[in-house]
Amino acid sequence: MPNSPDSPNSPVTPDPPGPHLTVAVLGPGGVGGLLAALLSRSGHRVICLAGEETAHTLRATGIQVRSTLFGDFTALVDADTALREPVDACLVTVKATALDPALTRIPPAALGDALLVPFLNGVEHPAQLRARYAPDRVAPSVIRVESTRTAPGVIEHTSPFAEIDLTGAKVPRPRLEALAEALTAAGPATRVLDDETTVLWAKMAFLAPFALLTTRYALPLGEARTRHREELASLVAETAAVSRACGAPADPAQALARYDAFPPAAKSSMQRDAEAGRPLELDAIGGALLRAADRHGVPVPVTARIVRELREAGR
């Protein structure tokens, strides 16, 4: 699990930036809004891509961030409904359920040579993006953070960490390193890792049991891990087996220890979506896990049951 800062009560301020980048952010919600604001505060030009109403709000008031880690601040950003100019990178921070319509905001011709960096849950989206954009510019990455958009342009970052792993099997390493340097200087600790499969499945192996269990029982993690311990252990073991079958290492005992170390009030993003009546990323997480298990002949009975129950409940 990501490490907490040495002094969690002291806001982290950005380091002086290196070369200035122009970064588009598709979907300035909890994650995208936080990254957009941090990069802007660090001196980079940021263009948020969203609907007209949200774009208007961001142009008028910027992005307001409340964070014990990075401080409370307001950052000015540009905003538009579609990408219309060259950028160095485009961060894709929409939910998997909104990916298809959101991609109309970044036409391949407009994206050009820029890096496309999706921070989506699941493991199937890289193939979809590489079919639409230059495969050697798609850099599937993961972020570990708890951050929520409470209103357009208002972000509440509640976790005592924000960590990013950038990857991309065919992406030129210097391009990834330059973006990682910019992100780290802006605040989130960022590394560049070589093995894309390991990066994506490390996130999936932790996220899937957490999301499925807390959403199924509508409980925060503390109660879910206590009252439904056996199911949590089964979900972890099944997900780890699928991860290993896909070529990524997984340690069920370590995963359970990470859940136990999490704050008891923690909720998964899927659970928050369920509470708000928003579409769930059930197919991107649970469905993708079941499809991978089927391809590799890995039995996952508890996962299959919980996914089925969520679907039957209209989730």
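This is a predicted model, so every value here is computed, not measured. (Residues numbered from 1 in each chain as written. Predicted model: local features only at pLDDT ≥ 70, side-chain atom pairs only at ≥ 80, totals over all residues. Heavy atoms only, no water.)

Caption draft 1: The pairing of strand β3 (residues 63-67), seen in detail. Residues of β3 alternate between two faces, with Ile63, Val65 and Ser67 buried on one and Gln64 and Arg66 left unburied on the opposite face. Of the pairings in the sheet, the one linking β3 to strand β4 (residues 73-75) comprises three bridges and is antiparallel in character. In the strand pairing of β4, isoleucine 63 is matched with alanine 75. Hairpin remark: β3 followed by β4, antiparallel, with five residues in the connecting loop; positive phi at glycine 71, about 90°. Pairing between β3 and strand β10 (residues 154-157): four bridges, direction parallel. Residue pairing across strands places arginine 66 opposite glutamate 156, the latter belonging to β10. (Buried < 20%, exposed > 50% of the residue type's maximum accessible area, 1.4 Å probe, protein only. Helix = DSSP H or I, 4+ residues; strand = E, 2+ residues; numbered from the N terminus. Pairing = 2+ DSSP bridges.)

Caption draft 2: Summary view of helix α13 (residues 301-312). For α13, with 12 residues, the first-to-last C-alpha span of 16 Å sits near the 16 Å given by 1.5 Å per residue. Looking only at α13, the buried set comprises Val302, Thr303, Ile306, Val307 and Leu310. Along the long axis of α13, the arc covered by the buried residues comes to 130°, so they all point the same way. Exposed and oriented more than 90 degrees from the buried face of α13 are Pro301 and Glu312. Of the surrounding elements, those touching the buried residues of α13 are α7 (196-217), α9 (229-245) and α12 (282-296). Positive backbone phi, approximately 80°, marks glycine 314, located one or two places after α13. (Expected span 1.5 Å × (residues − 1). Arc of directions from axis to C-beta. Contact = heavy atoms within 4.5 Å.)

Caption draft 3: Region of interest: the sheet that holds β4. Taken in spatial order, the four strands line up as β4-β3-β10-β9 in an open sheet, and their pairing is mixed. Two strands bound the open sheet, and with one partner strand each, they are β4 and β9 (147-151). Here the strands of the sheet are splayed against their neighbours by 25° on average, with no regard to which way each runs. By the bridge criterion, four bridges tie β9 to β10 in an arrangement that is antiparallel. Bridge pairing in β10 links alanine 151 to valine 154. Against the sheet, helix α1 (residues 30-41) engages β3, β4, β9 and β10, with an angle of about 85° to β4. (Axes fitted to C-alpha atoms, helices over the stretch in contact; angles between N-to-C directions.)

Caption draft 4: View of the sheet that holds strand β11 (residues 163-166). Overall, mixed pairing links the three strands, which are arranged β8-β11-β12 in an open sheet. Each edge of the sheet is formed by a strand with only one pairing partner; in this case those strands are β8 (142-144) and β12 (189-192). For this sheet, the mean inter-axis angle between neighbouring strands, taken without regard to orientation, is 15°. Sheet analysis places β11 next to β12, joined by four bridges and oriented parallel. Across the sheet, the residue bridging to glutamate 163 is alanine 189, located in β12. The strands touched by helix α6 (residues 173-186) within the sheet are β11 and β12, with β12 carrying the most contacts at an inclination of about 170°.

Caption draft 5: Structural context of the layout of surface pockets. By volume, the second largest pocket amounts to about 190 Å³. Every residue along the wall of the second largest pocket is listed here: Ala96, Leu99, Asp100, Leu120, Asn121, Glu124, His125, Gln128, Asp283, Ala284 and Arg291. Of all the secondary structure elements, the ones that give two or more residues to the lining of the second largest pocket are α3 (99-102), α5 (125-132) and α12. For the lining of the second largest pocket, the leading source of residues is α12, giving three residues. Tallied by class, the residues present in the lining of the second largest pocket amount to four nonpolar, three polar and four charged. (1 Å grid on protein atoms, 1.4 Å probe; cavity = no way out; pocket = protein on both sides within 12 Å on 5 of 7 lines; lining within 4 Å. Points joined across faces, edges and corners; volume = space filled by probe spheres on them. Nonpolar A, V, L, I, M, F, W, Y, C, P; charged D, E, K, R; others polar.)

Caption draft 6: Broad picture of the packing of aromatic side chains. Under the criterion given, the structure shown has six aromatic pairs. With centroids separated by 4.7 Å and ring planes inclined at 15°, the aromatic side chains of phenylalanine 206 and tyrosine 259 adopt a geometry described as stacked. On the criterion of sequence distance, the pair formed by phenylalanine 206 in helix α7 and tyrosine 259 in helix α10 (residues 252-261) is long-range, its members being 53 residues apart. Under the relative-accessibility criterion, phenylalanine 206 is labelled buried at 9%. (Phe/Tyr/Trp six-rings, centres within 6.5 Å; stacked < 30°, edge-to-face > 60°.)

Caption draft 7: Looking closely at the pattern of salt bridges. Here the structure, examined in full by the defined rule, presents 26 salt bridges. The shortest N-O distance in the salt bridge between lysine 267 and glutamate 275 comes to 2.9 Å. For glutamate 275, a relative accessible area of 47% corresponds to the partly exposed category. It is possible to trace a salt-bridge network through shared partners that takes in Asp113, Asp136, Arg137 and Arg175. (Salt bridge = Lys/Arg side-chain N within 4 Å of Asp/Glu carboxyl O.)

Caption draft 8: Representation of the packing of α12 against α13 in the model. Where α12 meets α13, the axes come as close as 10 Å, and the angle between the chain directions of the two elements is 145°. Judged by the twist between their axes, the crossing of α12 over α13 is left-handed. Across the interface between the two elements, Leu282, Asp283, Gly286, Gly287, Leu289 and Leu290 from α12 touch Thr303, Ala304, Val307, Leu310 and Arg311 from α13. (Left-handed = near helix turned anticlockwise from the far one by under 90°.)

Caption draft 9: Structural view of the state of the cysteines. Summed over all chains, the structure comprises zero disulfides. You can see cysteine 90 has no disulfide; the closest cysteine sulfur is in cysteine 48, sitting 10 Å from it. Looking at cysteine 90, the relative accessible area reads 0%, which means it is buried. (Disulfide = S-S within 2.5 Å.)

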